[in-house]
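A look at the structure
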Amino acid sequence: MTIFDAGPALEESFFQHKAPTIARGLIGATLLINGVGGRIVETEAYDISDPASHSFGGQKRRNAVMFGPPGHAYIYRIYGLHWCLNAVAGEAGSAVLIRALEPLEGIGQMVVRRGISDPRLLCSGPGRLCQALGIDGSLNGAPLGDAPFQLFAPGGESPITEGRRIGIRVGVDTPWRFGLSNSPFLSRPFAAEGFAAG
DNA sequence: GCGCTGATTCCCT
DNA sequence: GGGAATCAGCGCG
């Protein structure tokens, strides 16, 4: 019943890699929650040595899921009102933030949840994506390989652009943001980098 | 099209 | 009590 262009279900072992490897490998993968979702076009990696990461400074109650088994969902509330979805990676305290996807399945339901119809604005940002897919804190710690999640490997080669991460105040020079090159569904375009004068 | 600002909850200090 | 991996609406030009 695959009516979208996707590969086989992602192996659980995929998540035993380091966060940047997983972040890159998830570009082009298909993510569904209760049958609603699409193709991942933007991710960011975080790990325990990274001052921008919730795991920086060690395990706490809030970030405990980041220190748990790989391939599970780490979901937290940001700025008091939005939810953000991460995939826990192989190293303790590392995860991949899912920032944007291209809506493919259940678009009607996304439109209802978001209250807008422009497909480019349905899932282009971590908060928007969670609202469109109906994700909240009740799914924190849930395995991404089981219902209500479905994850499929990329259908083919995806041209990937790298850059600096967004919305953080420290660790801004770490180029751990990955995106499907020139996708109209990115939360923000990738800036032309490498021209910083002094 | 840009930038500023308010919204709102949880966790750590 | 303050800040946070964000979003949408507003005013301005």
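Residues numbered from 1 in each chain as written. Chains lettered and ligands numbered in written order. Predicted model: local features only at pLDDT ≥ 70, side-chain atom pairs only at ≥ 80, totals over all residues. Heavy atoms only, no water.

Let's shift gears to the overall build of chain A. Counting its regular elements, chain A contains four helices and eight strands. The C-alpha radius of gyration of chain A comes to 16 Å, within 12% of the 16 Å expected for a compact globule of 198 residues. The principal-axis extents of the C-alpha atoms in chain A amount to approximately 45 × 40 × 35 Å. Counting every position in chain A, which comprises 198 residues, the buried fraction comes to 47%. Counting contacts in chain A only where the partners sit at least 6 residues apart, residues at least 24 apart contribute 60% of the total. With an accessible surface of roughly 9700 Å², chain A has 53% of that area assigned to carbon and sulfur atoms. (Helix = DSSP H or I, 4+ residues; strand = E, 2+ residues; numbered from the N terminus. Rg over C-alpha atoms; globule rule 2.2 N^0.38 Å. Buried < 20%, exposed > 50% of the residue type's maximum accessible area, 1.4 Å probe, protein only. Contact = heavy atoms within 4.5 Å. Areas by Shrake-Rupley, 256 points an atom, 1.4 Å probe, with all protein chains shown as cover.)

With respect to the element layout, Phe56 can be found in the loop between β2 (36-46) and β3 (73-78). Taking relative accessible area as the criterion, Phe56 reaches 45% and is therefore assigned partly exposed. Spatially, the C-alpha atoms of Phe56 and Gly93 are 7.8 Å apart, while their sequence positions differ by 37 residues.

Right, let's get into the pairing of strand β8 (residues 177-180). Where burial is concerned, the two faces of β8 agree: the one with Arg177 and Gly179 and the one with Phe178 and Leu180 are both buried. In terms of strand pairing, β2 meets β8 through three bridges, oriented antiparallel. Across the sheet, the residue bridging to Thr43 is Phe178, located in β8. As paired elements, strand β7 (residues 160-163) and β8 share four bridges and run antiparallel to each other. (Pairing = 2+ DSSP bridges.)

With that settled, the discussion passes to the protein's contact with DNA strand C. Contacts to DNA strand C come from 19 residues, most closely from Tyr76, Asn86, Arg114, Arg128 and Gly167. A share of 56% is what sugar and phosphate atoms reach among the atoms of DNA strand C within 4 Å of the protein. At a separation of 2.6 Å, a base nitrogen of DNA strand C approaches a polar side-chain atom of Asn86. Contact between DNA strand C and Arg169: a phosphate oxygen at 3.0 Å from a side-chain N or O atom of the residue. Among the secondary structure elements, those contributing two or more residues to the surface near DNA strand C are β3, β4 (82-88), β5 (95-105) and α4 (126-133). Broken down by element, the residue count for the surface near DNA strand C peaks at three residues, all from α4. Across the surface near DNA strand C, the residue classes tally to eight nonpolar, seven polar and four charged. (Near = heavy atom within 4 Å. Polar contact = N/O pair within 3.5 Å; in protein donor to acceptor, adjacent residues only side chain to side chain. Nonpolar A, V, L, I, M, F, W, Y, C, P; charged D, E, K, R; others polar.)

A low pLDDT means the predicted coordinates there should not be read in detail. Summing up the model confidence of chain A, the mean pLDDT is 92 and the portion of residues at 70 or higher is 95%. Counting interchain partners and residues more than four positions distant, the pLDDT-below-50 stretch residues 194-198 has zero contacts. (pLDDT = per-residue confidence, 0-100.)

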